[in-house]
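Structural characterization, general
Letter by letter, the chains look like this.
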Amino acid sequence: MTPEQKLEAFFAESTAPARDPLFEAEAAQRVARHRAMFSVVGMAPWAVVATIFLWGVRPLIPVLVESLGPLHGLLPGMVGGAVLAAGVLMLTRRLGGRA
């Protein structure tokens, strides 16, 4: 075996393996599906707690609306503002770190 052939054999053994884009896409999809499943499972207890809370507060809602009197027309805006404020607070804590 000549030195050139030895060198070619050495370089042939050390080449990087071929990438398989289909396998990589399937693996990424499985990881994403796994993360999504755990995200949904993590939110389920909070959904149950919120449902129980709202079911318990349900009888108080008409009394609250009547106590507002002429301001009850503003109730949807106030609820929307509260939901928006809570969402902004959650996003700023999640995206900006814990304050």
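Residues numbered from 1 in each chain as written. Predicted model: local features only at pLDDT ≥ 70, side-chain atom pairs only at ≥ 80, totals over all residues. Heavy atoms only, no water.

**Some points on the overall build of the protein chain**
- Broken down by element type, the protein chain carries four helices and zero strands.
- The N-to-C order of helical and strand elements in the protein chain reads α-α-α-α.
- If one aligns the C-alpha atoms of the protein chain with their principal axes, the spans along those axes are about 100 × 25 × 25 Å.
- By residue count, 0% of the 99 residues in the protein chain fall in the buried class.
- Just so you have it, the protein chain exposes about 9,200 Å², and 73% of that area is on carbon and sulfur atoms. (Helix = DSSP H or I, 4+ residues; strand = E, 2+ residues; numbered from the N terminus. Buried < 20%, exposed > 50% of the residue type's maximum accessible area, 1.4 Å probe, protein only. Areas by Shrake-Rupley, 256 points an atom, 1.4 Å probe, with all protein chains shown as cover.)

**Side note on the confidence of the model for the protein chain**
- When the pLDDT values of the protein chain are averaged, the result is 86; 92% of them are 70 or greater.
- Mean pLDDT across the secondary structure elements of the protein chain bottoms out at helix α1 (residues 3-13), with 80, and peaks at helix α2 (residues 21-57), with 93. (pLDDT = per-residue confidence, 0-100.)

**Re the environment of threonine 51**
- Mapped onto the fold, threonine 51 is located in helix α2.
- C-alpha of threonine 51 to C-alpha of alanine 25: the two residues are 26 residues apart in sequence and 38 Å apart in space.
- Within the structure, threonine 51 has its side chain in polar contact with the backbone oxygen of alanine 47 (distance 2.7 Å). (Polar contact = N/O pair within 3.5 Å; in protein donor to acceptor, adjacent residues only side chain to side chain.)

**Some remarks on a nonpolar patch on the surface**
- On the surface, a cluster of nonpolar side chains totalling about 330 Å² of accessible area is made up of Leu7, Phe10 and Phe11.
- Inspection of the secondary structure assignment puts leucine 7 in helix α1. (Patch = residues over 30% accessible without salt bridge, like charges linked within 9 Å, V, L, I, M, F, W, Y side chains within 5 Å. Salt bridge = Lys/Arg side-chain N within 4 Å of Asp/Glu carboxyl O.)

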